[in-house]
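Remarks on the overall topology
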Amino acid sequence: MVRYRVRGGNVLRGTAFIQGAKNAVLPMIGAALLATEGRTVLRNVPVIEDVRRAVELAQAVGATVEFHESERTLVIDASRLTSPVLPAAIANRFRGTVLFVPALLHRLGEAVIEGIGGCNLGSRNLDFHYNGYKRLGAVVNEQESVIHIKAGKLVGAPLYLDTPSHTGTENLVMAATLAKGTTVIENAALEPEVLDVIAMLTRMGAKIRGGGTGFITVEGVENLKAVEHTVMPDRLDAGVFAMAAAITGGEVTLVGAELQHLGVVRWKLEQMGVEFETNGAVLHVRREKPLRPINVITDTYPGFATDLQSPIMAVACLADGTSYIHERIFDGRFALAGELNKMGAKIEVQGSRAVVHGPTPLRGTQVTAHDLRSGIALVLAGLVAEGETVIESGYLIDRGHSAVAERMRALGANVEREISTPADR
Ligand SMILES: CC(=O)N[C@H]1[C@@H](OP(=O)(O)OP(=O)(O)OC[C@H]2O[C@@H](n3ccc(=O)[nH]c3=O)[C@H](O)[C@@H]2O)O[C@H](CO)[C@@H](O)[C@@H]1O
Ligand SMILES: C=C(OP(=O)(O)O)C(=O)O
């Protein structure tokens, strides 16, 4: 069991290095499995638990994968895939499991999904994925916890998503790249990670038009080749470090962050009193003024990212007035409120809306990370809490943010990552 121990009170100052994007590298590992020969090289790979699980899963289906963690580089040889089974023991531990399906369908004619993990955020349906595969000619058989998908040669078709699902778009694009003929995907996701995956697939030889417009056209090709690709910066990691400056009233320089990718998050933080300034390739983030309350409505890109809703809830606890948060993407993403309330916050939740009554001084205590972003939000809360905040399960934080304790300490925070034994608890 991993736990994080945060002693609050330090103002964060200094330089933070932003990791490569979790939500781009996971589909890229899935994409690498589409190449029938050669070795794919992915650079700027975040050293996070989800990538370690994706490596294990790729190995379980027969790929040869080396994760050179100190070089942040993955080398993937998918020339021999041997098993269509995504085994429960690995597949249940992260969401990226779903992104292996298109390659298994193309390479082996079937995919057996024994489980799918990821953050527990309420319903996380996959009907758009399955309906898309069916329209391309696959047969989907859902039996209790195992999903069996079979396909001969997939054939291009008009597809749509009821809402612009992030992994749904990536999966249908990947499925269409090697399908026979043309596929048009309507209501496709616009997230920068989706565009980065399309850039990699295009380099591999795929014919894809319309990324970023909501209408994606894919002309199927015969083969895709292994390529080298550098993973884009993680906008969620950048958002968290910007909020670490915001909550502590500090000043940080973010290396490897892309301000444009923050979308509405940038403007909301500015309204709270945070200042952003780009200087060439680095991003300065500072907060000197008192924190103002905020109104947040989560949405698909470029709207306010749902994954930054928990972190901004923590910041809103310190704002001078009442903040309103409306979660529109997931129906169960407010577990953080109860944990922040244990620390002294005053947050009321009603359905998909939360009201944060600020400012409330926070005090450290034992709290629970219910998912990845509520975990990192509790680290932010711990930075300003009086005394010590202990957060379990730290594994959830490690799923998506690399070397959190080291990077926070480099900014002057007092954050430790500890391995706890049952006897400690
Ligand atoms: C690995 C990865 O990239 N994870 C991200 C991805 O998750 P993920 O791709 O799972 O999120 P989606 O965009 O698919 O889901 C958004 C909403 O659509 C619904 N839905 C989705 C698909 C479907 O077939 N049917 C359906 O009803 C879901 O229940 C959810 O309410 O996008 C989310 C929304 O930006 C982020 O929080 C996650 O960090
Ligand atoms: C919801 C998230 O991740 P996943 O989709 O991998 O569970 C997240 O990154 O906050």
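Scoring rules and cut-offs
Residues numbered from 1 in each chain as written. Chains lettered and ligands numbered in written order. Predicted model: local features only at pLDDT ≥ 70, side-chain atom pairs only at ≥ 80, totals over all residues. Heavy atoms only, no water. UniProt positions renumbered as here; feature names shortened; annotations may be inferred. Helix = DSSP H or I, 4+ residues; strand = E, 2+ residues; numbered from the N terminus. Contact = heavy atoms within 4.5 Å. Buried < 20%, exposed > 50% of the residue type's maximum accessible area, 1.4 Å probe, protein only. Salt bridge = Lys/Arg side-chain N within 4 Å of Asp/Glu carboxyl O. Near = heavy atom within 4 Å. Polar contact = N/O pair within 3.5 Å; in protein donor to acceptor, adjacent residues only side chain to side chain. Areas by Shrake-Rupley, 256 points an atom, 1.4 Å probe, with all protein chains shown as cover. Nonpolar A, V, L, I, M, F, W, Y, C, P; charged D, E, K, R; others polar. Domains from an automatic or database assignment. Buried area = accessible area lost by both parts, 1.4 Å probe. Pairing = 2+ DSSP bridges.

The chain has the name UDP-N-acetylglucosamine 1-carboxyvinyltransferase in an unreviewed UniProt entry, where Thermobispora bispora is given as its organism. The chain has a UniProt comment under Subcellular location (unreviewed entry) that states "Cytoplasm". The chain has a UniProt comment under Sequence similarities (unreviewed entry) that states "Belongs to the EPSP synthase family. MurA subfamily."

Bringing the UniProt feature "binding site: UDP-N-acetyl-alpha-D-glucosamine" (unreviewed entry) in the chain into the picture now. In the numbering adopted here, UniProt assigns the feature "binding site: UDP-N-acetyl-alpha-D-glucosamine" (unreviewed entry) to Arg95, Asp307 and Ile329. Its location among the elements puts Arg95 in the loop between α3 (88-91) and α4 (101-108). In contact with Arg95, other than residues within four places in its own chain, are Ile116, Gly117, Gly118, Arg124, Asn125, Leu126 and Arg399. Classification of Ile329 as partly exposed rests on a relative accessible area of 35%.

We now examine the pattern of salt bridges. On inspection of all chains with the given rule, the structure shows 21 salt bridges. The residue Arg53 makes a salt bridge to Glu56 at a minimum N-O spacing of 3.0 Å. Of the two residues, Arg53 and Glu56 are both situated in helix α2 (residues 49-60); the distance of three residues between them amounts to about one turn of the helix. The class of Arg53 is buried, set by a relative accessible area of 6%. Between Asp237 and Arg407 there is a salt bridge, and its shortest N-O distance comes to 2.7 Å. Placement of the pair is Asp237 in helix α8 (residues 235-248) and Arg407 in helix α14 (residues 404-409), with a sequence separation of 170 residues. The same class applies to Asp237 and to Arg407, which are both buried. The network of salt bridges with shared partners includes Arg3, Arg5, Arg7, Glu388 and Glu418.

Glancing now at the site of ligand 2. Taken together, Lys22, Asp50, Arg95, Gly118, Cys119, Leu121, Arg124, Asp307, Arg333, Leu372, Arg373 and Arg399 make up all the residues around ligand 2. For ligand 2, an oxygen atom lies 2.7 Å from a polar atom in the backbone of Cys119. When ligand 2 sits alone it has 300 Å² of accessible area, and the protein chains cover 94% of it. In terms of residue class, the shell around ligand 2 is built from three nonpolar, one polar and eight charged. Split by domain, the residues of the shell around ligand 2 number at least three in each of domain 1 (2-19 + 233-424) and domain 2 (22-230).

Moving on, we come to the domain arrangement of the chain. Domain annotation of the chain identifies domain 1 (2-19 + 233-424) and domain 2 (22-230). A separation of 30 Å is found between the C-alpha centroids of domain 1 and domain 2. Taken together, the contact pairs 21 residues of domain 1 with 23 residues of domain 2. Summing both sides of the interface, domain 1 and domain 2 together bury roughly 2,000 Å²; the carbon and sulfur share of this comes to 51%. One can count two salt bridges joining domain 1 with domain 2. The partner of Arg399 in a salt bridge is Asp50, with the nearest N and O atoms 2.8 Å apart. For the interface between domain 1 and domain 2, the tally reads eight residue pairs in polar contact (both at pLDDT 80 or more). Every element with two or more residues in the side of domain 1 that touches domain 2 is listed here: α8, α12 (372-384) and α13 (394-400). Of the residues in the side of domain 1 that touches domain 2, the class split is five nonpolar, seven polar and nine charged.

A word on the UniProt feature "domain: Enolpyruvate transferase" (unreviewed entry) in the chain. As recorded in UniProt, the sites labelled "domain: Enolpyruvate transferase" (unreviewed entry) are residues 7-404. Along residues 7-404 one finds 32% helix and 25% strand; the C-alpha atoms at either end are 14 Å apart.

In this section: the environment of Ala257. Position of Ala257 relative to the elements: it lies in the loop between β15 (251-255) and α9 (264-272). Put simply, Ala257 and Val221 are 36 residues apart on the chain and 34 Å apart in space, counted from C-alpha to C-alpha.

A large share of strand β1 (residues 2-7) lies buried, amounting to five of its six residues. The pairing of β1 with strand β24 (residues 414-419) spans six bridges and is antiparallel. Residue pairing in the sheet places Tyr4 in a bridge with Arg417 of β24. Sheet analysis places β1 next to strand β23 (residues 388-392), joined by four bridges and oriented antiparallel. If you follow Tyr4 over to β23, its bridge partner there is Ile391.

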